[in-house]
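Listed below are the residues making up each chain.
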Amino acid sequence: MNKIECAKKSLCEMIREGDADISALPYDRFEKYGEKALTDAELLAIIIRTGTKEMTPVEIGRRILDMSHDKELGLACLYHLTLNDLTDINGIGKVKAIKLKCIAEISRRMALSVHSQKLQFDDCDKIASYYMEQLRHEEYEKVLLLSLNTHLELLAETLISVGTVNCSLLSPRNVFIEAVKNRAVKIVLLHNHPGGDPTPSRADVRVTSSIQKIGDMLDIRLLDHIIIGDNNYYSFSKMKLI
């Protein structure tokens, strides 16, 4: 089978699977119908640009999507796929893999930018929404400290610790060293549960209670401790535990 016949065969397969109409490849479909009409595989194909003898760019895009984790279907899989994961795919070299990872990071930063314009640090829903994209994709537990002034304006955002897959290393001592350094009057704690379930562990409840008591003694009030799951969250303040 020559190259022309291979190209025709790939196009016919795309048509049957709904990825292209009879006269359009990804670039043509973009120009004809706009970006919203493109499938996830076609969007990836435009970034990938070139295929191999065995696979078109769209087919390579599908191969990437097939590698998605159970909790990250579709394009969100780019958050978790490593450079090695991507370069293991025939047709994806280091340059293309880096481009794909950069696109995932651009997407994350755009989401943060949109949410930051409406962020209020006295509203747990908005705080959780803002940090959701930043924390829910993390493979390990991370603890963030938000240091606030009397007007609930953000003075500093500090990474307190990075734990393991199912254990954060939250030390009250480290929290207040940073809070005092940032001249915080009030603080909010956030950490993620990589498993996706934001329900606090016994250790989470215990350390939150300790931090609240120490904060009261230091006149640095703990407003909330928010645990980020997979598109959900748990707020100690909302549950009346603070």
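Residues numbered from 1 in each chain as written. Predicted model: local features only at pLDDT ≥ 70, side-chain atom pairs only at ≥ 80, totals over all residues. Heavy atoms only, no water.

Caption draft 1: Representation of the pairing of strand S2 (residues 154-162) in the model. As judged from the seven bridges shared by strand S1 (residues 142-148) and S2, these two strands associate in the antiparallel manner. Its bridge partner lying in S2, Ser147 is registered against Ala156. The antiparallel hairpin formed by S1 and S2 contains five residues in its connecting segment, where Leu152 sits at a positive phi of about 65°. (Pairing = 2+ DSSP bridges. Helix = DSSP H or I, 4+ residues; strand = E, 2+ residues; numbered from the N terminus.)

Caption draft 2: View of the packing of helix H2 (residues 26-33) against helix H3 (residues 40-48). Direction vectors running N to C along H2 and H3 enclose 115°, while the axes themselves pass 9 Å from each other. In terms of their interaxial angle, H2 and H3 are classed as roughly perpendicular. Crossing of H2 over H3 shows left-handed handedness. Here Pro26, Tyr27, Arg29 and Phe30 of H2 come into contact with H3, specifically with Glu42, Ala45 and Ile46. (Axes fitted to C-alpha atoms, helices over the stretch in contact; angles between N-to-C directions. Parallel < 35°, antiparallel > 145°, perpendicular 65-115°, else oblique. Left-handed = near helix turned anticlockwise from the far one by under 90°. Contact = heavy atoms within 4.5 Å.)

Caption draft 3: Summary view of the sheet that holds S1. Spatially, the five strands line up as an open sheet ordered S2-S1-S3-S4-S5, and their pairing is mixed. Of all the strands in the sheet, just S2 and strand S5 (233-235) have a single pairing partner and so form its edges. For this sheet, the mean inter-axis angle between neighbouring strands, taken without regard to orientation, is 20°. Bridge count for S1 against strand S3 (residues 186-192) is six bridges, and the pairing is antiparallel.

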